[in-house]
Amino acid sequence: MTDARHHRQRILAEVGEAGQRRLERSSVAIVGVGGLGSPVALYLAAAGVGRLGLIDDQPVELSNLNRQIIFEECDVGRPKVEAAAGRIRLLDPAIRLDELAENVRASNITGLLAEYDLVVDGTDAFETKFLLNDAAVLLHKTLVHGAVLQWGGQVTTVVPGGPCLRCLFQEPPEPDQVPSCEEAGIIGAATGVVGSVQAEEALKVLLGVGEPLSGRIFQHDGLRGETRITAYPRDPDCPVCSSHRRITDLSRYADQVSPRGHVLV
Amino acid sequence: MPAPAFTPEQRQRYARHLTLAEIGPAGQQRLRQSRVLIVGVGALGSPVALYLAAAGVGTMGLADHDRVRLSNLQRQIVHSVDGLEQAKVEVAARTVRALNPDVTVESIFATVDEGNAMSLLGRYDVIVDGTDSFRARYLLSDAAYLLGKPLVHGSIFRIEGQVTVFQPGRGCYRCLYPEPPPAGAIGESEQVGVLAALPGIIGTIQAAETIKLIAQVGDGLINRVLLHDAMAMTFQEVRYRRNRACPLCGDRPSIRSLVDYGAFTGAEAVR
């Protein structure tokens, strides 16, 4: 990571020399290298985040390529983490990449996330999103949550001590309440908007600048061209982040999360 | 003549669009038959080119006079280290073709200026502004209006960005900004910082707006400009209307052909 590469970021008052070095020393786990993970990985790599953990157990499929811009057609059939790592190295060979071809579960998530400063949710099933939320709260790590469907999606940032996903939604929706991405369809640019917002959130948290979406949720409807940010409070009875918490470990999650394609991305 | 059917591979590639109510097979055909020109293949042009290629836009024109520099790779995700010092349009064309070989890429390694803008823009259905100077923004807006083409405008400055769509007859860049900023008021492009992910947000919204224009669905950002502040993390929508006194698209226009944009904007500026 030479000086010239991040020049335009170092001259930004909000980043500067110290901020750029801070990014270089930072590590981020990207859980799910798909529609959201593509822009998240590319922009965090471009920004100069020193270490990225790419976590996904799926191979690249042709039907991914309408939105998963980190891949190429010749990657079809290859493990996503391997293909994504190849592309990131073309952007910046100096970044440390951990290729973790695993599906996150209650039994492995603590180990997978332990080494990273921050977690970005690029997964596609609500049950996994709640598992990530609970794990992040229990591990005192910042989680940048994102979800997309059809033309839009949402982002909120769960920081230690701040409100969490369960303060907003309590429980994941029943699987049959939310159409799958496969059934409902998705436009690539929607994942791009949501993923880029997630990357921007991650950078601000790592740099310790600006106002992250803590206690606020960004909701974007690309079809209507409407964007809304709504504040939400901490739930004093939140099952995981309040003093009355009932969730103190991840045992409530079946060891195998729900089948893929359930929900988003 | 009916459009050719989709191959089994294309049905797989666009499966998530074919089930989407607003796209479906008819929308996918429109995308395939569309011609989009992206002017500026940098911070904004990168996500625009990638997401429009992924969406299956049939013909993509990429216009840029610059070469890939190391300092571009901090935000220009369509480029890579193996393309350093090569023409941006060539490097981007390679990435786009590798993502989706269905896309016909037309690389234009040139500055879009008063001399070539009308003939160049005239060959496309939708124009996307990914440039970084006021000279280019006024030029593209005037040329697109005179040709009757929609222009998807995006710009970024430090930690802020904006997006809007100029539909001919419903407002133009001059309606939003009648005068350019005084020369020198805003620093040279290379001396202004920018946060990596910000152009991703603005550029992907530009890509979504382009897809909506082509598929003729949704509510475009017409007469509305979306303003984003990365640090405060706010999105604000400001409405604007066609200015009846606009010298370009007003009731009694004085601009009927391209002017000298270097002189109008006091030479180069911005980001």
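Provided above is the structure to which this section pertains.
What comes next is a walk through the structure. (Residues numbered from 1 in each chain as written. Chains lettered and ligands numbered in written order. Predicted model: local features only at pLDDT ≥ 70, side-chain atom pairs only at ≥ 80, totals over all residues. Heavy atoms only, no water.)

Turning next to the pairing of strand 1 (residues 27-31) of chain A. Residue and element names in this part refer to chain A. Of all the five residues making up strand 1, five are buried; the element is thus mostly covered by neighbouring parts of the structure. The alternating pattern of strand 1 places S27, A29 and V31 on one face and V28 and I30 on the opposite face, and all of these are buried. Relative to strand 2 (residues 51-55), strand 1 runs parallel, the two sharing five bridges. Across the sheet, residue V31 finds its bridge partner in strand 2, namely I55. Crossover connection from strand 1 via helix 3 (residues 37-47) to parallel strand 2: handedness right-handed. Pairing geometry for strand 1 and strand 4 (residues 118-121), over four bridges, is parallel. (Buried < 20%, exposed > 50% of the residue type's maximum accessible area, 1.4 Å probe, protein only. Helix = DSSP H or I, 4+ residues; strand = E, 2+ residues; numbered from the N terminus. Pairing = 2+ DSSP bridges. Right-handed = clockwise from strand over helix to strand, strands pointing away.)

Our focus in this paragraph is the environment of A:A184. With respect to the secondary-structure elements, A:A184 resides in helix 8 (residues 181-184). In this structure, the C-alpha to C-alpha distance between A:A184 and A:L149, residues 35 residues apart in sequence, is 7.5 Å. With near-sequence residues (within four places) excluded, A:A184 lies in contact with A:L149, A:Q150, A:P179, B:T19 and B:L20. (Contact = heavy atoms within 4.5 Å.)

Attention shifts here to unusual backbone geometry. The phi dihedral of A:Q170 falls on the positive side, at around 60°, and the residue is not glycine. Turning to its location among the elements, A:Q170 is positioned in the loop between helix 7 (165-169) and helix 8. We note that B:Q216 has phi near 55°; this positive angle belongs to a residue other than glycine. When its relative accessible area of 59% is taken as the criterion, B:Q216 is described as exposed.

The next subject is the sheet that holds strand 7 (residues 216-221) of chain A. Residues and elements named next belong to chain A. As summarised here, the arrangement of the eight strands in space is 3-2-1-4-5-6-7-8, forming an open sheet in which the pairing is mixed. Edge positions in the sheet fall to strand 3 (96-100) and strand 8 (226-231), since each of these pairs with one other strand and no more. Ignoring which end each strand starts from, the neighbouring axes of this sheet average 15° apart. Here helix 9 (residues 188-207) sits on the sheet and contacts strand 1, strand 4, strand 5 (142-149), strand 6 (152-158) and strand 7; the angle it forms with strand 5, its principal contact strand, is near 170°. (Axes fitted to C-alpha atoms, helices over the stretch in contact; angles between N-to-C directions.)

What the rule picks out here adds up to six aromatic pairs over all chains. Judged by centre distance (5.1 Å) and plane angle (40°), the ring pair of A:F218 and B:F235 falls under tilted. Of this pair, A:F218 sits in strand 7 while B:F235 sits in strand 8 (residues 234-239), which puts the two residues in different chains. Assessed through its relative accessible area of 0%, A:F218 is described here as buried. Accessibility expressed as a relative area gives 14% for B:F235, which makes it buried. Ring centres of B:Y138 and B:F264 lie 4.9 Å apart, and the angle between their planes is 90°; this geometry places the pair in the edge-to-face category. Of the two residues, B:Y138 is situated in helix 7 (residues 134-147) and B:F264 in helix 10 (residues 261-265); the sequence distance between them amounts to 126 residues. The class of B:Y138 is buried, set by a relative accessible area of 0%. Among the aromatic residues, those joined into a cluster by ring pairs are B:Y138, B:F166, B:Y173, B:Y177, B:Y240 and B:F264. (Phe/Tyr/Trp six-rings, centres within 6.5 Å; stacked < 30°, edge-to-face > 60°.)

Without other data, these values stay purely geometric and don't point to any function.
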